[in-house]
Every structure is written in C-alpha cells, then in structure tokens.
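Topology and contacts: notes
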Amino acid sequence: MPPLKSAGRLTKVGRQQMACICLCTTVTILQTAVLLVNSYTNVGLIQLQAKRLTAQELKTDTTHKMEAIRSNSSDVTHKTGGRLSKFIFESRKLEYIHNPRQICAKEGLELIIVRTAEVGDLSSRTNARTMYYETVRELPTTLVFVVGVSLHDPEVQTLVDEEVDRYGDILQLDFPDSDLTTTLKSVSILKWVSEFCSHVKFVLKMNVGETVEDFNDLIVALYRQSYSHEEFILGKIRYYGGMSLENTSARRPGGLPDKSLGPTYGYPGKVAARLYLSALRIPFFYIEHIYITGWCARDANLLLLNDNNFS
C-alpha cells in the first residue's frame with residue numbers, strides 16, 4: 001500500500017482519499033438536511049390539515065346554526081318549532097365565552113350601560129369607551145359591550161381576548177356575530193343581568209354605533225320615571241294601540257304591540273328576569289327592539305313610556 005505521507009506532506013493518493021472523505025461527509029450532511037426539511041414540512045402539513053379541518057368543522061357547525069336562525073326568524077307564528085327556546089335556549093343555552101360578572105360587584109353600582117357591537121368593530125368600542133370616560137364615568141355606572149363570535153377572521157378573537165385582559169368589559173356570547181343574531185344579543189343581556197346584576201337600578205341598552213349627545217339626559221329620564229313607576233321600558237315609543245296592519249311580517253294575535261322605535265331604551269334591572277322569561281315563550285323575531293320592547297314587553301305586562309331623548 002503506498003504511503004499517505006511523504007516527508008510531512010500528503011502524497012497524491014492521500015490527497016485523493018481525503019477528498020473522498022470530505023465529499024462523503026458533505027453528502028451525509030446534505031442528506032440529513034433534506035430529512036430535517038421533510039420532517040418539518042410533514043409537521044407543517046399536518047398542522048395545516050388540522051387547521052383546515054377545524055375551520056371546516058366550524059363552518060359546518062356555524063352554517064347549521066345560521067340556517068336554524070334564518071328558518072326560525074321567518075316563522076313568527078305560535079308554532080312550537082318557532083319558539084326561540086327551541087333552537088337556541090335549549091340547544092346552546094346562550095353560553096358565555098367571556099363573562100365580565102366581576103363588574104356587577106362594583107360598590108354602589110346603580111346603572112349598567114350595555115352596548116351591542118359587531119365583534120370585529122374594535123374602533124367603535126374604543127370611541128364608546130372614550131365617550132363614557134369623558135361623560136358619566138364618575139357616576140355609579142359601568143359599561144359593558146356585547147359581541148358574538150367572528151365567522152370569517154380567526155384573528156379577531158385574539159384581539160377580543162386582548163380587550164378582555166385590558167378592559168374587562170366584554171360580554172362575548174357563543175354564537176355567530178351577525179345581523180340575524182342581534183335579538184339573541186339582547187335576550188342574552190336579559191339573561192346575564194338576571195343572573196349577575198339583578199340588583200342594579202337600571203339597564204340602559206343601545207348599539208355601539210348609536211350617537212348620544214348626552215348620556216346624562218337618558219340617565220336622568222330613567223330616574224325621573226322610577227319615581228312614578230316601578231316596572232317599565234323607557235324609550236322613543238310608537239303607540240299602536242293593538243291596531244292590525246295587513247302588510248307586515250310581524251302579524252300576531254292581539255295586533256301590533258307598542259314598541260320602541262329604535263335600539264336605545266332602558267328599564268329597571270329587576271324587570272330583566274320577566275322579559276327573559278317572556279323571551280322563552282314568545283316566537284323569535286329578528287328585529288330586536290320590536291321583539292324585546294314589543295312582543296316580550298307586552299307578554300311581561302310592562303308599561304312603555306315615551307321620552308324623546310331616546311332614539
């Protein structure tokens with residue numbers, strides 16, 4: 001066998017063998033790198049498939065719920081299948097994802113301002129907080145936002161979670177956030193107040209997009225009416241007197257009920273439970289202020305009082 005070294009130097013054969021060793025080592029490193037890349041790729045594919053499966057399951061589940069909501073929204077008769085309790089309360093039980101019940105323990109709390117909002121509309125909630133802090137924060141009140149679950153953007157939930165950690169004023173409900181679920185939000189408010197904040201004197205309910213020139217006018221109006229009445233709903237009321245209209249999708253026995261003309265209204269905290277029980281009996285209707293201040297209020301035998309400061 002020829003020597004690998006000669007006088008301290010590699011011979012030609014030695015250099016060839018060293019080159020071969022280096023080449024083999026390089027090939028081994030490349031093969032290892034390929035295996036690692038394939039491994040990470042497989043893990044990524046598995047995770048991606050899992051995400052797609054979860055999204056598909058969510059989409060399917062949500063589609064079924066929304067179909068049920070649409071079906072029952074069009075059924076305004078007194079059929080059992082059209083009852084709100086049939087397709088929401090008994091199946092979903094209006095569960096909470098985030099529940100700010102700790103604010104109900106606020107010392108001296110007398111009034112809750114509850115604002116329904118689209119789950120992805122963070123800017124409107126920020127503006128509403130600013131308005132609240134600048135106007136009525138020093139009064140014995142608190143602010144709560146009511147939202148559902150985003151159907152289209154999973155990142156929205158992360159932002160909502162951050163809002164909860166920072167402000168603690170989000171009541172998030174476990175059903176899709178949609179124009180068809182605004183009534184469910186309002187019924188959920190009744191349920192939540194009944195369970196955790198029934199001791200408050202008043203609940204002032206409004207949409208986050210509603211512009212209010214002065215919260216104090218609405219609050220003063222609620223206190224003023226409470227001196228003469230115990231169980232009522234206060235808002236901008238349209239009085240029908242039980243009249244019947246042929247061209248309306250809301251025809252029911254007894255004619256049209258008196259109702260608030262808009263989604264801003266208030267009521268004593270103690271009547272929330274009665275309105276909620278009425279909602280369990282009354283067929284669902286997708287326009288929330290007609291449903292709550294009209295059909296449910298009439299079923300609960302509540303007095304509707306008009307005040308033009310409401311919208």
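Before reading further, recall that the structure is shown in the block above.
Residues numbered from 1 in each chain as written. Predicted model: local features only at pLDDT ≥ 70, side-chain atom pairs only at ≥ 80, totals over all residues. Heavy atoms only, no water.

Some points on the overall build of the protein
Scanning the protein for helices and strands turns up eight helices and 10 strands. When burial is assessed residue by residue, the protein has 43% of its 311 residues classed as buried. In the protein, of all internal contacts separated by at least 6 residues, the share reaching a separation of at least 24 is 78%. If you sum the accessible surface of the protein, you get close to 16900 Å²; carbon and sulfur atoms cover 54% of it. (Helix = DSSP H or I, 4+ residues; strand = E, 2+ residues; numbered from the N terminus. Buried < 20%, exposed > 50% of the residue type's maximum accessible area, 1.4 Å probe, protein only. Contact = heavy atoms within 4.5 Å. Areas by Shrake-Rupley, 256 points an atom, 1.4 Å probe, with all protein chains shown as cover.)

A closer look at the nonpolar core
Within the largest apolar cluster, 41 residues are counted, with the highest numbers of intra-cluster contacts made by Ile112, Trp192, Ile233, Tyr267, Leu275 and Tyr291. At the level of secondary structure, the elements contributing two or more residues to this core comprise strand E4 (111-116), strand E5 (141-149), strand E6 (170-176), helix H5 (182-196), strand E8 (232-238), strand E9 (259-268), helix H7 (272-281) and helix H8 (288-299). Ignoring anything within four residues of it in the chain, the contact list for Ile233 reads Tyr265, Gly266, Tyr267, Leu275, Ile292, Thr293, Ala297, Leu302, Leu303, Leu304 and Leu305. Ranked by size, the runner-up nonpolar core spans 28 residues in total, among them Ile113, Val147, Val212 and Leu305. (Core = buried A, V, L, I, M, F, W, Y, C linked by side-chain atoms within 4.5 Å.)

Brief notes about the state of the cysteines
Summed over the entire model, instances satisfying the criterion amount to one disulfide. Through a disulfide, Cys104 is tied to Cys197; the S-S separation comes to 1.6 Å. As the torsion about the S-S bond is roughly -85 degrees, the Cys104-Cys197 disulfide counts as left-handed. Separated by 93 residues along the polypeptide, Cys104 in the loop between strand E3 (96-98) and E4 and Cys197 in the loop between H5 and strand E7 (202-207) bring together distant segments of the chain. Comparing Cys104 with Cys197 shows no difference in burial state: the two are buried. (Disulfide = S-S within 2.5 Å.)

A look at the side chain of Thr293
Residue position: Thr293 is located in helix H8. Overall, the relative accessible area of 0% leaves Thr293 in the buried class. Here the side chain of Thr293 touches Ser260 through a polar contact of 2.9 Å, landing on its backbone nitrogen. A polar contact is formed between the side chain of Thr293 and the backbone oxygen of His289, at a distance of 2.3 Å. Ignoring sequence-local partners within four residues, the contact set of Thr293 consists of Ile233, Asp258, Lys259, Ser260, Tyr265, Glu288 and Leu304. (Polar contact = N/O pair within 3.5 Å; in protein donor to acceptor, adjacent residues only side chain to side chain.)

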